[in-house]
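This is what each chain is made of:
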Amino acid sequence: MSVALAFNVKPESETFIESVSPNSQKSSSPYKTSQDTFAEWDTWETINALRDALSVYHDVTLVEANEEAFEKFRQLRPDIVFNIAEGAFGVSREAQIPAMLDLLQIPYTGSDALTLAICLDKARTKEILSYYKIPNAKFFVADRVDEIKQNHFSYPLIVKPICEGSSKGIFSSSVVTNPNELFNEVERINSEYSQSALIEEFLPGREFTVAILGNGDDARTLPIIEIRYDKYPEGVKPLYSYEAKWILDTKESEFEVFDCPARLDKSLEEKIIKVCLDTYKVLRCRDWSRIDVRLDSKGEPNVIEINPLPGIMPDPRENSSYPKAARAAGMTYDEMINSVLLAGCKRYNLA
């Protein structure tokens, strides 16, 4: 088959960053850039590994998810698009490529535009989960700092940008223990990210991440991963923050804080799997996703994040969770990628 790979690549120089910065004379963009602006995007190492995996069986063309993508897809007319594009700007950014492909009636892997848009908006996601009685932390949304006066939750709390992924905007300071810290964090997010702040009760228990593959009755979980906060360096908060994910956890470091498979008793494992598969179903995720879960004070699993475009870094030293779970399930990187493609092809009844 002809497969197009839709992607965004991390900029390799400051030239690109300056070209999209609102402070640059080269751009009139209303969006701000910060130290973690491109955290969700992939490196060439990942993109090339993904291309090579798909090329084992198919003819692959790379299509960067920029303003020229629509015309390239219209001319290429691939049999299917393998979509890992995170998008650049706006709360609809992850939905933009799928929406283009829907308009062009070109099949693609992964969740559709609506699911991607909803999952990026953490508050809308939590509203849906709450409606279906899927456990998640109590929350409050502050569009402005003066709205936090209405908050009556107990400390500690965690404060996040409402529409970011890859731990963007989540730092050690995000866990707050008093009104002054809460005010500062909401102000930081409102200012730096130009979006509302999601305020949640901080769940004190163990944290897990669960990779899911497939659709409908065929959807299954891969071996569960636990983030072992008891193995964190002394003084580091028990949080998979931007610092932990992108500064402490590098190829060169010995950040061995992941258990895969997680050490779980049967009852807790079944609860986690059920919560994740229920979440996958009610949010209408397709082909693959990764769902983060944390235990509350009673030891019950609560959903804290849904990642319908999971990270897939190929190097085992980088602790990319979806490939880590796939390896624990006995799959190679190439097998993992082609299994996702196969799930998408089955949905479209493609040979």
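Criteria and thresholds
Residues numbered from 1 in each chain as written. Predicted model: local features only at pLDDT ≥ 70, side-chain atom pairs only at ≥ 80, totals over all residues. Heavy atoms only, no water. UniProt positions renumbered as here; feature names shortened; annotations may be inferred. Helix = DSSP H or I, 4+ residues; strand = E, 2+ residues; numbered from the N terminus. Buried < 20%, exposed > 50% of the residue type's maximum accessible area, 1.4 Å probe, protein only. Areas by Shrake-Rupley, 256 points an atom, 1.4 Å probe, with all protein chains shown as cover. Pairing = 2+ DSSP bridges. Axes fitted to C-alpha atoms, helices over the stretch in contact; angles between N-to-C directions. Contact = heavy atoms within 4.5 Å. Phe/Tyr/Trp six-rings, centres within 6.5 Å; stacked < 30°, edge-to-face > 60°. 1 Å grid on protein atoms, 1.4 Å probe; cavity = no way out; pocket = protein on both sides within 12 Å on 5 of 7 lines; lining within 4 Å. Points joined across faces, edges and corners; volume = space filled by probe spheres on them. Nonpolar A, V, L, I, M, F, W, Y, C, P; charged D, E, K, R; others polar. Domains from an automatic or database assignment.

As annotated in an unreviewed UniProt entry, the protein chain is D-alanine--D-alanine ligase from Ignavibacterium album. In UniProt, the protein chain has this text filed under Subcellular location (unreviewed entry): "Cytoplasm". Here the protein chain is described in UniProt, under the heading Catalytic activity (unreviewed entry), as follows: "2 D-alanine + ATP = D-alanyl-D-alanine + ADP + phosphate + H(+)".

Draft legend 1. Geometry of the overall build of the protein chain. When helices and strands are counted, the protein chain shows 11 helices and 13 strands. When the 351 residues of the protein chain are sorted by exposure, 53% land in the buried category. Carbon and sulfur atoms provide 50% of the accessible area of the protein chain, an area that totals close to 16,400 Å².

Draft legend 2. Examining the sheet that holds strand E2 (residues 59–64) more closely. Reading across from one edge, E2-E1-E3 is the order of the three strands in this open sheet, with parallel pairing throughout. Each edge of the open sheet carries a strand with a single partner, namely E2 and strand E3 (80–83). Averaged over all pairs of adjacent strands, the angle between strand axes in this sheet comes to 30°, irrespective of strand direction. Alignment of strand E1 (residues 2–7) against E3, held across four bridges, turns out to be parallel. For Ala6, the partnering residue across the bridge sits in E3 and is Asn83. Here helix H3 (residues 69–76) sits on the sheet and contacts E1, E2 and E3; the angle it forms with E2, its principal contact strand, is near 155°.

Draft legend 3. Quick look at the packing of aromatic side chains. Summed over the entire model, instances satisfying the criterion amount to four aromatic pairs. Taking 5.8 Å as the distance between ring centres and 70° as the angle between the ring planes, the aromatic pair formed by Phe82 and Trp288 counts as edge-to-face. One end of the pair, Phe82, is in strand E3; the other, Trp288, is in strand E12 (residues 288–295), and 206 residues separate them in sequence. The class for Phe82 is buried, based on a relative accessible area of 0%. Ring plane angle 80° and centroid distance 5.4 Å describe the contact between Trp288 and Tyr322, whose orientation is recorded as edge-to-face. Of this pair, Trp288 sits in strand E12 while Tyr322 sits in helix H10 (residues 321–328); the two residues are 34 residues apart in sequence, bridging distant segments of the chain. Among the aromatic residues, those joined into a ring-pair cluster are Phe82, Trp288 and Tyr322.

Draft legend 4. Quick peek at empty space enclosed by the protein. For the structure shown, the criterion picks out one cavity of 30 Å³ or more. Lining the largest cavity we find 13 residues, and of these Lys122, Thr125, Lys126, Ile304 and Glu305 sit closest to its centre. If you list the elements that add at least two residues to the lining of the largest cavity, you get helix H6 (122–131), strand E7 (197–201) and strand E13 (301–307). Here the residues of the lining of the largest cavity are counted per class, giving six nonpolar, two polar and five charged. A domain split of the lining of the largest cavity shows at least three residues from each of domain 2 (118–135 + 204–348) and domain 3 (139–201).

Draft legend 5. Focus on the sheet that holds strand E6 (residues 175–176). Strand order in the open sheet made by the four strands is E4-E7-E5-E6, with antiparallel pairing throughout. Looking at strand neighbours, the two that pair on one side only are strand E4 (139–142) and E6, the edges of this open sheet. Where strand E5 (residues 157–161) and E6 come together, two bridges link them in antiparallel fashion. Among the inter-strand pairings, Ile158 is bridged to a residue of E6, identified as Val175. Seen against the sheet, helix H7 (residues 179–192) touches E4, E5, E6 and E7 and runs at an angle of roughly 10° to E5.

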